[in-house]
Amino acid sequence: MRRLAGPVARLRAAQRDAARHERDAKRTLAKLERERQASAAKLARVQGELDELRRNYHFSGAAKKLDLREIDGFAGIAERIVADGRTGMNYDRLYTLWQAVRAAPLDTPAIEIGSYRGGSARFIAEAFQASGRTPRLYLCDTFAGPMEIDSRIDIGHRDAGKYETVSAGATAEYLSGYPALEVVEGDIVETSRHLPEESYGLVHLDVNYYPSTVFCLRFFAPRLADDALMVIDDYGFVTCPGVKAAADEFVTEHSQYRLWHLLTGQAILWRRATSR
Ligand SMILES: C[S@@+](CC[C@H](N)C(=O)[O-])C[C@H]1O[C@@H](n2cnc3c(N)ncnc32)[C@H](O)[C@@H]1O
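Predicted model, so just to flag it, every value in this text is computed and none were measured.

Q: Looking at this structure, how should I read the overall build of the protein chain?
A: The helix and strand inventory of the protein chain stands at eight helices and seven strands. By the compact-globule yardstick of 19 Å for 276 residues, the protein chain is too spread out, its C-alpha radius of gyration being 30 Å. Expressed as a percentage of the 276 residues in the protein chain, the buried residues total 32%. Across the protein chain, contacts joining residues at least 24 apart in sequence account for 74% of those joining residues at least 6 apart.

Spelled out as structure tokens, the structure:
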């Protein structure tokens, strides 16, 4: 019996090892199975998102379209403005402004209402300079955020607070390379009374909310020079329903104006030639 004790003990130890290895192997298999299932779910989600992107009209024909980042003159200015991070606008919206600047009638001032930290204004300024012109350019903002919000219409926009932290001086400094700049600080409802110009070759309206948009449309649309355009930012953004509401009401009530909704989220307003 004693002679058998050693082999039996070794056999039992080997059996215990085998049982432990089996348990470890089962645990590893279960873990791998959980990971496989999680990866399959992730893959299905990504596949769904890819299918969604393929069906999305924004991307349809994307590979065949001009790349705005390669358009001479525009690309360099837009790249700097986007990199400066002082505007939420990307190449698409900046390109609308680029075209509006080039379409602006000669020798007429331009104005932006809603300049914030000056990103879009500097783009407009540099676009004018690139086209060999430096018309008087007005930058209007409270530099303290919106004065009034209509809580029934201006729903969904949660950023009102962030516009309170900018200084008119810093915005003016950022645009100091432009020779014909006027920074107009205050509520446009008040400051517009003191603007010396009778007409504008370009109006860029970027005030986010219904009351300011209503006021600016009524004040500046009749002051558009012949052939001038008003670019209305955020018209097609669900985060700024007040802008669309104000613009739609305006063109319904004033049949001499036309409004074109762009897929950039902006809209273009102009006066019909026949209405003059
Ligand atoms: C979206 S920011 C403008 C961003 C800027 N256009 C850019 O992209 O670089 C909107 C600005 O509109 C201004 N604003 C809103 N209502 C205004 C009013 N009644 N008078 C003057 N500025 C106003 C706010 O203070 C805010 O700075």
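Q: Looking at this structure, how should I read the site of the ligand?
A: As a matter of local geometry, the ligand sits amid 23 residues, with Thr 87, Gly 114, Tyr 116, Gly 119 and Ile 188 nearest to it. Elements with a contribution of two residues or more to the shell around the ligand: α4 (119-130), β2 (137-141) and α6 (188-191).

Q: Explanation requested: the sheet that holds strand β4 (residues 200-205) in the structure shown.
A: The pairing of strands in a sheet happens through backbone hydrogen bonds and is either parallel or antiparallel. Read across the sheet, seven strands follow the order β3-β2-β1-β4-β5-β7-β6 without closing on themselves; strand pairing throughout is mixed. Either end of the sheet is taken by a strand with one partner, and the two such strands are β3 (181-185) and β6 (257-261). Sheet twist, expressed as the average angle between the axes of neighbouring strands with direction ignored, equals 15 degrees. The pairing of strand β1 (residues 110-113) with β4 spans four bridges and is classified as parallel. Opposite Glu 112, over in β4, you have His 204 as the bridge partner.

Q: Whenever I open this one, the domain arrangement of the protein chain confuses me. Can you help?
A: When the parts of a complex come together, some accessible area is lost, and that lost area is often taken as the interface size. According to the domain assignment, the protein chain consists of domain 1 (1-65) and domain 2 (66-271). Domain 1 and domain 2 are separated by 55 Å when their C-alpha centres are compared.

Q: How should I be thinking about helix α8 (residues 241-253) in this particular structure?
A: At 3.6 residues per turn, the α-helix brings residues three or four places apart onto the same side. Taking 1.5 Å per residue, 13 residues should reach 18 Å; α8 reaches 18 Å between its end C-alpha atoms and fits that length. For α8, the full list of buried residues reads Gly 242, Val 243, Lys 244, Ala 246 and Ala 247. On its buried face, α8 sits against α7 (210-220), β5 (224-232), β6 and β7 (267-271).

Q: Can you walk me through the nonpolar core in this structure?
A: If you look at the biggest cluster of nonpolar residues, it comprises 52 residues, and the most contacted ones within it are Leu 97, Val 101, Ile 124, Tyr 200, Leu 202, Met 230 and Ile 232. With seven residues, the top contributor of residues to this core is β5. In contact with Ile 232, other than residues within four places in its own chain, are Leu 205, Val 243, Ala 247, Gln 266, Ala 267 and Leu 269.

Q: Looking at this model, I keep getting lost on the pairing of β2. Mind explaining?
A: The two faces of the sheet receive side chains in turn, since in a regular strand these alternate between them. Of all the five residues making up β2, five are buried; the element is thus mostly covered by neighbouring parts of the structure. Alternating residues of β2 divide into Leu 137, Leu 139 and Asp 141 and Tyr 138 and Cys 140, and every residue in both groups is buried. Bridge analysis of β1 against β2 gives four bridges, and the strand direction is parallel. Paired with Ile 111 across the bridge in β2 is Tyr 138. Taken together, β1, α4 and β2 constitute a β-α-β crossover, and its handedness is right-handed. Where β2 lies against β3, five bridges are found, and the strand directions are parallel. Paired with Leu 139 across the two strands is Val 183, which belongs to β3.

Q: Even after reading the chapter, I still don't get helix α2 (residues 74-84), so can you show me in this structure?
A: For α2, the full list of buried residues reads Phe 74, Ala 78 and Ile 81. The buried residues of α2 occupy one face: seen down the axis, they fall within an arc of 65 degrees. Facing away from the buried surface of α2 by more than 90 degrees, the exposed residues are Arg 80 and Ala 83.

Cut-off values and rules
Residues numbered from 1 in each chain as written. Predicted model: local features only at pLDDT ≥ 70, side-chain atom pairs only at ≥ 80, totals over all residues. Helix = DSSP H or I, 4+ residues; strand = E, 2+ residues; numbered from the N terminus. Rg over C-alpha atoms; globule rule 2.2 N^0.38 Å. Buried ≥ 20, exposed ≤ 12 C-beta atoms within 10 Å, placed from the backbone. Contact = placed C-beta atoms within 7 Å. Near = placed C-beta within 6 Å. Pairing = 2+ DSSP bridges. Axes fitted to C-alpha atoms, helices over the stretch in contact; angles between N-to-C directions. Domains from an automatic or database assignment. Expected span 1.5 Å × (residues − 1). Core = buried A, V, L, I, M, F, W, Y, C linked by C-beta atoms within 7 Å. Right-handed = clockwise from strand over helix to strand, strands pointing away. Arc of directions from axis to C-beta.

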